[in-house]
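# Analysis of the macromolecular model
Now for the letters of each chain:
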Amino acid sequence: MNHEELVALIRRLALEAGDRIMEVYNSPDFEVKAKSDSSPVTEADEAADRLISAGLRAAYPDLPLITEEQAESHRLSARTFLIVDPLDGTKEFVQRRGDFTVNIAYVEEGVPVRGVVYAPAKGRLFYTQADGTAVEETGALDKAKPGNLRRLSVSKPDNGALMVVASKSHRDQATDDYIARYAVKDMTSAGSSLKFCLVATGEADLYPRLGRTMEWDTAAGDAVLRGAGGAVVRFDDHQPLGYGKQGWDNPFFIAYAPGVTLQG
């Protein structure tokens, strides 16, 4: 895998998909349908998925592609693959709250090594560079070439005053009970994979997720966080969260800056 070419491609595809998503988002009205699991899907999800899938399949025809919007891909089994959530945070999108992202990741032997997370409504673009380090790009976000890049690095947390980020749409009592085990200075909520990116930038120290997620929800954000020096571990045994699992379901997990003393 040529990581220079890969990163340039997934960055461009995320930006192009973001444009399509924002066309729908800014329209007066759009249809919201229900998938078989009752989760919402819009024409923005579908248009972004078509665009990204076409670009990835043209460049990497022999690499398995797992994408949320293509149910047949969920039957695949792979350890090295591309994985896409074309619009993560559809509930945020439908409610026009802006906390939605485009997620594209490359997983190698169960480890998300490269990824891009783009929040088009917020104009925030995070990705791993060819060497695996994580950056946030600012400026015009030109599709042809990167602009100003800020190297990302996780915080050096104070375990007596932690910054915690939690889900905006999926908070529950179990999550609140777990967070209560820590000395928390402040808490913020965010949608979609932005939570990983807030830990990667040092804006938060800890993101626990005690709820159902799929690998396409987490792989890109996980790659960005790893590239910033962070980690994502299983909630039950604190072992690294792996990818390529049967059914693509994730267990509960904790994303954090390594200086955080994890509670059992």
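Residues numbered from 1 in each chain as written. Predicted model: local features only at pLDDT ≥ 70, side-chain atom pairs only at ≥ 80, totals over all residues. Heavy atoms only, no water.

## Quick look at the UniProt feature "binding site: Mg(2+) 2" (unreviewed entry) in the chain
As a reminder, the rule being used: UniProt positions are given in the numbering used here, feature names are shortened, and annotations may be inferred rather than shown by experiment. A run of H or I in DSSP becomes a helix once it reaches four residues, and a run of E becomes a strand once it reaches two; helices and strands are each numbered from the N terminus. For every residue, the accessible area (1.4 Å probe, protein chains only) is compared with the maximum for its type, and the residue is labelled buried under 20%, exposed over 50%, or partly exposed between those bounds. Residues count as neighbours in contact if any of their non-hydrogen atoms are within 4.5 Å of one another.
Per the UniProt record, "binding site: Mg(2+) 2" (unreviewed entry) is found at Asp85, Asp88 and Asp217. Judged by maximum C-alpha separation, these annotated positions cover 133 residues in sequence but sit close together in space, the widest gap being only 6.6 Å. For Asp88, the location among the structural elements is in strand S4 (residues 81-88). Residue classification places Asp88 among the buried positions, given a relative accessible area of 8%. With near-sequence residues (within four places) excluded, Asp88 lies in contact with Asp99, Phe100, Thr101, Asn103, Ser192, Ser193 and Asp217. Looking at where Asp217 falls in the secondary structure, it is placed in helix H6 (residues 215-227).

## Observations regarding the packing of helix H1 (residues 3-25) against helix H2 (residues 43-59)
For clarity, the threshold we go by: The angle between two axes is taken between their N-to-C directions and runs from 0 to 180 degrees, where each axis is a line fitted to C-alpha atoms and a helix contributes only its stretch in contact. The labels follow the angle: roughly parallel below 35 degrees, roughly antiparallel above 145, roughly perpendicular from 65 to 115, and oblique for the rest. Whether a crossing is left-handed or right-handed is set by the direction in which the near helix is turned from the far one by less than a right angle, anticlockwise for left-handed and clockwise for right-handed. Amino acids are sorted into nonpolar (Ala, Val, Leu, Ile, Met, Phe, Trp, Tyr, Cys and Pro), charged (Asp, Glu, Lys and Arg) and polar (every other residue, Gly among them).
Between H1 and H2, the least distance of the axes is 8 Å, while the angle of their chain directions is 160 degrees. Taken as axis vectors, H1 and H2 run roughly antiparallel relative to one another. You can see that H1 and H2 cross each other, and the crossing is right-handed. Across from Leu9, Ile10, Leu13, Glu16, Ala17, Arg20, Ile21 and Val24 in H1, the residues of H2 making contact are Glu43, Ala44, Ala47, Ala48, Leu51, Ile52, Gly55, Leu56 and Ala59. A breakdown of the residues in the contact of H1 with H2 according to their chemical character gives 13 nonpolar, one polar and three charged.

## What to know about the domain arrangement of the chain
Going by this rule: Delimitation of the domains relies on an automatic or database domain assignment. In short, buried area is how much 1.4 Å probe accessible area vanishes from two parts on joining, totalled over both. Each salt bridge in this description consists of a side-chain nitrogen of Lys or Arg and a carboxyl oxygen of Asp or Glu lying within 4 Å of one another.
Under the domain assignment used here, the chain contains domain 1 (3-151) and domain 2 (162-256). Between the C-alpha centres of domain 1 and domain 2 the distance comes to 19 Å. Summing both sides of the interface, domain 1 and domain 2 together bury roughly 2500 Å²; the carbon and sulfur share of this comes to 63%. For domain 1, the biggest contributors to the area lost against domain 2 are Asp99, Pro112 and Phe126; these three give 21% of the whole. Counting across the domain 1 and domain 2 interface gives one salt bridge.

## Topic: the packing of aromatic side chains
This is how it is decided: Stacked, edge-to-face and tilted labels apply to pairs of Phe, Tyr and Trp rings (six-membered ring for Trp) whose centres lie within 6.5 Å, assigned for plane angles under 30 degrees, over 60, and everything in between, in that order.
All told, the structure shown has eleven aromatic pairs when counted by the stated rule. Arranged with centres 5.1 Å apart and planes meeting at 75 degrees, the rings of Phe81 and Trp248 form a pair that is edge-to-face. Separated by 167 residues along the polypeptide, Phe81 in strand S4 and Trp248 in the loop between strand S14 (231-234) and strand S15 (249-250) bring together distant segments of the chain. Assessed through its relative accessible area of 1%, Trp248 is described here as buried. For the ring pair Tyr207 and Phe253, a centre distance of 5.6 Å and an interplane angle of 90 degrees mean the geometry is edge-to-face.

## Structural notes on the pairing of strand S5 (residues 101-108)
Threshold: Strand pairing is assigned whenever DSSP identifies at least 2 bridges connecting the two strands.
The buried count for S5 comes to seven of eight residues, which makes it a mostly enclosed element. Pairing of S4 with S5, which is carried by six bridges, proceeds in the antiparallel orientation. Bridged to Leu82 within S5 is Tyr106. Pairing geometry for S5 and strand S6 (residues 111-119), over seven bridges, is antiparallel. Directly across from Tyr106, in S6, lies its bridge partner Arg114.

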